[in-house]
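Geometric and topological summary
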Amino acid sequence: MSEPILVAENLTKWFPVKRSLTQVARGERTWVRAVDGVSFSVEKGEIFGLVGESGCGKTTTGKLIMKLLDITDGKLMLQGEDVTHIRGAALSEHRRHVQMIFQDPYASMNPRFTIEDVLMEPLEIHNVGKDMAERNVWVREILEEVKLSPPEEFLARHPHMLSGGQRQRAATARTLMLNPSVIVADEPVSMIDLSTRAEILAMMKQLQREMGLTYIYITHDLSTARYFTDRLAVMYLGKIIEMGEAGTLIDGALHPYTKALIAAVCEPISGKVNRIKEVPIKGEIPAATNIPTGCRFHPRCLYSVPECWQEEEPTLDDIGSGHMVACRRHREIQELGDSARTSEASLGIRRTA
Amino acid sequence: MEKERVLEVQDLELHYFTRKGVVQAVDKLSFFLRKGETLGVVGESGCGKTTMATALLNMPTPPGRIVGGRILLDGQDILTLSENEVRRRVRWETIAMVFQGAMNCLTPVYTIEKQMRETLQQHRAMDKKAARGRMKSYLNLVGLSDDVLRRYPHELSGGMKQRVVIATALFLEPKVIICDEPTTALDVVVQAQIINLLKDLKEQVGLSFIFITHDLSIEAEVSDRILVMYAGRIAELGTNAQIYGPQGPAHPYTQRLLGATPRLHEEVEELAFIPGTPPDLVAPPEGCRFHPRCPVLMERCAHDDVPLREIEPDHLVACWRCFDE
């Protein structure tokens, strides 16, 4: 097994909520517990996926890895070095090694810049490359790499002159300029047309193989995650509740939440039009200011028993070959079998709001 | 016996008159919608899906103009009606729309009751109490409780807002509802709930839907028939079984689009994609509009305009490859 490149230990980010005068007087404090103790490690050359619904803390986790936000608690290690509380020059150095591709290729590039400016900027900020000539060569090479060729045709263009797919290629090129070791890709294809989505992902995968990159792929889309990632972690309300090899996790999900997510995914197969789809989950996601006691999923779980909310939160346990799950009843639920599951599930789904 | 057709579109043409030239966004589109059926409309962005939807309500977005064709709603051509008549008798009365990003359709400063009542008062003379009763019954129909009426939009979740918008569209008991990407901004679990709700309504109320999305996997779950648009024209129109069945779709574009759709329970090494981009509709390519991106093109595809022909019952394709000649 190779050395982990990125290790997060109990990574936590709590945002303070604005208080009213009475709350200040009483000394009350409330927090949005966006990321509430997340631990994982990513190996060099691996594609690690973070999936979950909106508000589960996946983007915040990405921003913590980038150090765009201060870490409230826990520890973040990059290439064996503790980067949890770095500042100044060390932080700037960190950003050279960890780069980010943002969701919206329309908003993440300065509209007044040409593509050349966009790609040149990181080099100037970090003062890389000995002269303009060398930088120019690099910019052209990277553009070829992301298949925006011939580069001359794209250098002078502004972002609005590119299609969504081309723009996301340019965004990828920008992250590659500094030769990073980890790239955090936050929903890089969710705003791209389906017909070109696969093309972008294939390109990202090829770059990863060629340059030995490590990706953290953040998404809500399980289908692309399965195709793109090696390992997946499913987040719910700021915590990882299941983690494992992508195929194993999706075909053999154990946590009731993961099962519900998978059941909810639409698939292009005929014969489902006249059926109501059963999604074994109830209610809506609670606010991150008021996280349920015990297992944080229990209010929405169809299998919860009193010990789920009376006892302490279940830990993320390894059940073999790196498949980890945080549910104390996962074995019993599995034994309940399909027949029981569907009849129970049908109670939960309809008219839940 | 074939079911009654609630909506029939014949040779619909909608052009955008821009400074760069005339964009032929919808070009000679013909199809019909049967009572109680869901017709799915899919295609890449810019293929004219939303433009077509605005045409069906006879409210094209400027600089767009409907330049030809007929839209028969219950046998009446709505394009010949005056704006006033359309507003009074067609829009929301017989055909309603759930817009893309419906959560942003609600005014943040009004309560749900106030904005729902606005729709009602424009169309029906009704006192406050009766109106409230009706609003409540429709909110219950979409699975919301009565107290939603007192809430402001920011107090509701995305899924709940979407339900409010659907309730508002149902309100005047239209026959046809156009849903334009109603679930794109929602999480998967909520998306599944909304899809179930629409199926339920179709069954209970006997509504007909036009369901627009770019996602073929959602269409597989909701639509009885699927209309695949490419560059303002119909590439293929077939039943759910014809498009998603083992035989697969007939048009190379649909085939590629389906190939680019990832499947959850299948291990794939490489996903297919469609090289190139959709054409500029100011000067669409000659012949078949898909030919510059088509992997199986023949000589005639580049210059002979391709008609839409029925290759089996209910299955229409516009591709020279699919015709036996």
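Residues numbered from 1 in each chain as written. Chains lettered and ligands numbered in written order. Predicted model: local features only at pLDDT ≥ 70, side-chain atom pairs only at ≥ 80, totals over all residues.

**Describing the domain arrangement of chain A**
All names here are of chain A.
- For chain A, the domain assignment lists domain 1 (4–251) and domain 2 (254–353).
- The distance between the C-alpha centroids of domain 1 and domain 2 comes to 29 Å.
- Each partner contributes to the interface: domain 1 provides 25 residues, whereas domain 2 provides 19 residues.
- Counting only elements with at least two residues in the side of domain 1 that touches domain 2, the list comes to strand 2 (31–43), helix 9 (222–228), strand 9 (231–236), strand 10 (239–245) and helix 10 (246–251).
- A total of seven residues in the side of domain 1 that touches domain 2 trace back to one element, the largest contributor, which is strand 10. (Domains from an automatic or database assignment. Contact = placed C-beta atoms within 7 Å. Helix = DSSP H or I, 4+ residues; strand = E, 2+ residues; numbered from the N terminus.)

**Regarding the nonpolar core**
- By size, the foremost hydrophobic cluster in this structure holds 188 residues, and its most contacted members are I216 and V234 of chain A.
- If we skip the residues at most four places from it in the chain, V234 of chain A touches V51, G52, I240, I241, E242, H255, Y257, T258 and L261 of chain A. (Core = buried A, V, L, I, M, F, W, Y, C linked by C-beta atoms within 7 Å. Buried ≥ 20, exposed ≤ 12 C-beta atoms within 10 Å, placed from the backbone.)

**Observations concerning the interface of chain B and chain A**
- Taken together, the contact between chain B and chain A spans 47 residues of the former and 43 residues of the latter.
- Elements with a contribution of two residues or more to the side of chain B that touches chain A: helix 5 (158–170), helix 6 (188–205), helix 7 (216–222), helix 8 (240–244) and helix 9 (252–259) of chain B.
- Considering each element in turn, the side of chain B that touches chain A owes the most residues, eight residues, to helix 6 of chain B.
- Residues that form the side of chain B that touches chain A fall into these classes: 22 nonpolar, 15 polar and ten charged. (Nonpolar A, V, L, I, M, F, W, Y, C, P; charged D, E, K, R; others polar.)

**Remarks on the sheet that holds strand 1 (residues 5–18) of chain B**
All names here are of chain B.
- Strand order in this open sheet of four strands is 2-1-4-5, and the pairing throughout is antiparallel. In this open sheet, the two strands that pair with only one neighbour each are strand 2 (21–34) and strand 5 (76–77).
- Contacting strand 1, strand 2 and strand 4 (64–73), helix 1 (residues 49–56) runs over the sheet at an angle of about 65° to strand 2. (Pairing = 2+ DSSP bridges. Axes fitted to C-alpha atoms, helices over the stretch in contact; angles between N-to-C directions.)

**Some remarks on the confidence of the model for chain A**
- Of all residues in chain A, 95% attain a pLDDT of 70 or more, and the chain-wide mean is 88.
- Ignoring residues within four places in sequence, the model shows residues 344–353 of chain A, a span with pLDDT below 50, making 24 contacts including any to other chains. (pLDDT = per-residue confidence, 0-100.)

**With respect to helix 2 (residues 58–66) of chain A**
- Across the nine residues that make up helix 2 of chain A, a large majority, seven, are buried.
- Among the residues trailing helix 2 of chain A, K67 of chain A stands out with phi positive, at a value near 65°.

**Side note on the packing of helix 5 of chain B against helix 6 of chain B**
All names here are of chain B.
- Running from N to C, helix 5 and helix 6 point in directions that differ by 20°, and their axes come no closer than 10 Å. By the angle between their directions, the pair helix 5 and helix 6 is classed as roughly parallel. Like other packed secondary-structure pairs, helix 5 and helix 6 cross with a definite hand, here right-handed. Across from G158, G159, Q162, R163 and I166 in helix 5, the residues of helix 6 making contact are V190, Q193, I194 and L197.
- Classifying every residue of the contact of helix 5 with helix 6 by side-chain character gives four nonpolar, four polar and one charged. (Parallel < 35°, antiparallel > 145°, perpendicular 65-115°, else oblique. Left-handed = near helix turned anticlockwise from the far one by under 90°.)

**Some details on the environment of D314 of chain B**
Residues and elements named next belong to chain B.
- Relative to the helices and strands, D314 resides in the loop between strand 11 (309–312) and strand 12 (315–317).
- A tally of 12 C-beta atoms within 10 Å means that D314 is categorised as exposed.
- If we ignore the near neighbours within four places in the chain, the residues touching D314 are G238 and T239.

**Digging into the sheet that holds strand 9 of chain A**
Residue and element names in this part refer to chain A.
- Spatially, eight strands are ordered 6-7-8-3-9-10-12-11 in an open sheet, and the strand pairing comes out mixed. Two strands close off the open sheet at either side, each with one partner strand: strand 6 (98–101) and strand 11 (317–318).
- The pairing of strand 11 with strand 12 (residues 324–325) spans two bridges and is classified as antiparallel. If you follow D317 over to strand 12, its bridge partner there is V325.

**Re helix 9 of chain B**
- Burial runs high along helix 9 of chain B: six of the eight residues are buried.
- Turning to helix 9 of chain B, its buried residues are P252, Y253, T254, R256, L257 and L258 of chain B.
- Where helix 9 of chain B is buried, its residues contact helix 8 (194–211) of chain A together with helix 7, strand 9 (225–230), strand 10 (233–239) and helix 8 of chain B.

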